[in-house]
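# An overview of the molecular structure
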Amino acid sequence: GERLILSVPATSANMGPGFDCFGFAVDVRNELIVERGTFAIEIEGEGREELPRDETNAIYDAVRAGFEAARPGMKLPKDLRFTSVNRIPPARGLGSSSAALVSGLACGLALGGMDVDAPRTKQILLNLASDIEGHPDNVAPAIYGGFQISINDDNQWITQRVSCPKDVQTVLFIPKFQSLTAETRAQLSPTLPIADAVHNIARAGLLVNAFATGNLELLRYATQDVIHQPIRGKPFGLDGLIDAALKAGAQGCFMSGAGPTVLAV
């Protein structure tokens, strides 16, 4: 009769100039339900046709990693039944893989006896998830919510929340085709001209200030990017979508994560 329910939000990473370090939570949530019983993985909603239902499932792998982090030397019990209720569309730039990773790791830590609401446990969760993912821009807001700025220093992941006006609303344009982060990342240049670095640094600072002060009219400038959006967005006309959103009254608009979803504020 025991049951554990975890709810994890979708996330929008990069936010224009904040490549690999900015991200915020979006009010769409996946749930992971774990119960005692014969081992099984049930999937409802998004991805139900293509996601595996055996131990190769990414969530199950994360649960096992979280449990072993909480209980070193012990193995995850076999008598667990998992139900994944997916509302975040996969491979669209809304952090579906990070939601799976965070919910699985949190589940494993909880099954191992840790309080996932405790600050120390959340730090452990952040470190585990960021180490596996390689960057914290999606996993940090999935864990802490809100608008997060995250860095790595001396093999330690650090995240801080940016104040955000309470009346911010987002509109998502979610294409039917998918985009894999690994593939689009491979298209990006490994080097960057100084002018492009300055362009993004200035706008990243302006973006944080716009949210912190509520001056959202600055977002039309603060969400501009020259590092990843021109390359990732070219195949589906990102610039035209951004222009249309701004003309329709949006304060700012950018590609969500690696795309193809486009998010307007």
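Quick caveat, the model's predicted, so the values are computed rather than measured.

## Describing the overall build of the protein
- Summing up its helical and strand segments, the protein has nine helices and nine strands in all.
- Its C-alpha atoms give the protein a radius of gyration of 19 Å, within 12% of the compact-globule value 18 Å for 265 residues.
- In terms of overall dimensions, the protein has C-alpha extents of about 55 × 40 × 40 Å along its principal axes.
- Within the protein, residue pairs in contact and separated by at least 24 positions form 68% of the contacts whose partners lie at least 6 positions apart.
- Separation between the mean location of the 23 positive side-chain charges and that of the 29 negative ones in the protein comes to 2 Å.

## Quick word on the domain arrangement of the protein
- If you check the domain split of the protein, you get domain 1 (3-161) and domain 2 (171-264).
- Computed from C-alpha atoms alone, the centre-to-centre distance between domain 1 and domain 2 is 25 Å.
- The interface of domain 1 with domain 2 comprises 22 residues on the first partner and 32 residues on the second.
- Together domain 1 and domain 2 conceal approximately 1,900 Å² of surface at their shared face, both sides included; 64% is due to carbon and sulfur atoms.
- For domain 1, the biggest contributors to the area lost against domain 2 are Pro17, Phe19 and Arg92; these three give 34% of the whole.
- The tally of links from domain 1 across to domain 2 stands at zero salt bridges.
- At the junction of domain 1 with domain 2, the criterion picks out eleven residue pairs in polar contact (both at pLDDT 80 or more).
- Going through the elements one at a time, β1 (3-13), β2 (22-36) and β5 (147-153) are the ones with two or more residues in the side of domain 1 that touches domain 2.
- For the side of domain 1 that touches domain 2, the per-class residue count stands at 13 nonpolar, six polar and three charged.

## Observations regarding the sheet that holds strand β8 (residues 253-255)
- The strand order across the open sheet built from three strands is β7-β9-β8, with neighbouring strands paired in antiparallel fashion. Sheet topology places β7 (171-173) and β8 at the edges, where each strand pairs with a single neighbour. Each adjacent strand pair in this sheet contributes to an overall mean axis angle of 20 degrees, direction not counted.
- The pairing of β7 with strand β9 (residues 262-264) spans three bridges and is classified as antiparallel. The residue of β9 that forms the bridge with Phe173 is Val262.
- Here helix α9 (residues 238-247) sits on the sheet in contact with β7, β8 and β9, set at roughly 155 degrees to β8.

## Comments concerning the packing of aromatic side chains
- Taken as a whole, this structure holds seven aromatic pairs when the rule is applied.
- By the ring-pair criterion, three or more aromatic residues cluster together here, those being Phe22, Phe147 and Phe211.

## Things to note about the pattern of salt bridges
- Applying the stated criterion across every chain, the model contains eight salt bridges.
- Of the charged contacts in the structure, one is a salt bridge between Glu2 and Arg36, with a shortest N-O distance of 3.4 Å. With Glu2 in the segment before β1 and Arg36 in strand β2, this residue pair connects regions lying 34 residues apart in the sequence.
- Overall, Glu2 belongs to the exposed group, its relative accessible area being 56%.
- The structure contains a network of salt bridges with shared partners spanning Glu55, Asp61, Arg64 and Lys78.

## A look at the UniProt feature "domain: GHMP kinase C-terminal" (unreviewed entry) in the protein
- Under the UniProt annotation, "domain: GHMP kinase C-terminal" (unreviewed entry) lies at residues 235-265.
- Segment residues 235-265 splits into 32% helix and 19% strand. End C-alpha atoms: 23 Å apart.

## Focus: the state of the cysteines
- Taken as a whole, this structure holds zero disulfides when the rule is applied.
- Of the cysteine sulfurs around Cys21, a residue in no disulfide, the closest is that of Cys164, at 17 Å.
- Take Cys21: its relative accessible area is 25%, and that puts it in the partly exposed class.
- Considering cysteine sulfurs only, Cys253 is the nearest to Cys164, which forms no disulfide, with 16 Å between them.
- Cys164 gets classed as partly exposed once you look at its relative accessible area, which sits at 38%.

## Quick word on the nonpolar core
- One finds Met15, Leu32, Phe82, Val102 and Leu219 to be the most contacted residues of the largest nonpolar core, which totals 50 residues.
- Split by domain, the residues of this core number at least three in each of domain 1 (3-161) and domain 2 (171-264).
- Residues Leu238, Leu246, Cys253 and Met255 belong to the second largest nonpolar core, which totals nine residues.

## Re the pairing of strand β3 (residues 40-45)
- Relative to strand β4 (residues 80-86), β3 runs parallel, the two sharing six bridges. Paired with Ala40 across the two strands is Arg81, which belongs to β4.
- Considered for its hand, the β-α-β crossover made up of β3, helix α1 (residues 58-70) and β4 is left-handed.

About the thresholds
Residues numbered from 1 in each chain as written. Predicted model: local features only at pLDDT ≥ 70, side-chain atom pairs only at ≥ 80, totals over all residues. Heavy atoms only, no water. Helix = DSSP H or I, 4+ residues; strand = E, 2+ residues; numbered from the N terminus. Rg over C-alpha atoms; globule rule 2.2 N^0.38 Å. Contact = heavy atoms within 4.5 Å. Lys, Arg positive; Asp, Glu negative; His and termini not counted. Charge placed at Lys NZ, Arg CZ, Asp CG, Glu CD. Domains from an automatic or database assignment. Buried area = accessible area lost by both parts, 1.4 Å probe. Salt bridge = Lys/Arg side-chain N within 4 Å of Asp/Glu carboxyl O. Polar contact = N/O pair within 3.5 Å; in protein donor to acceptor, adjacent residues only side chain to side chain. Nonpolar A, V, L, I, M, F, W, Y, C, P; charged D, E, K, R; others polar. Pairing = 2+ DSSP bridges. Axes fitted to C-alpha atoms, helices over the stretch in contact; angles between N-to-C directions. Phe/Tyr/Trp six-rings, centres within 6.5 Å; stacked < 30°, edge-to-face > 60°. Buried < 20%, exposed > 50% of the residue type's maximum accessible area, 1.4 Å probe, protein only. UniProt positions renumbered as here; feature names shortened; annotations may be inferred. Disulfide = S-S within 2.5 Å. Core = buried A, V, L, I, M, F, W, Y, C linked by side-chain atoms within 4.5 Å. Right-handed = clockwise from strand over helix to strand, strands pointing away.

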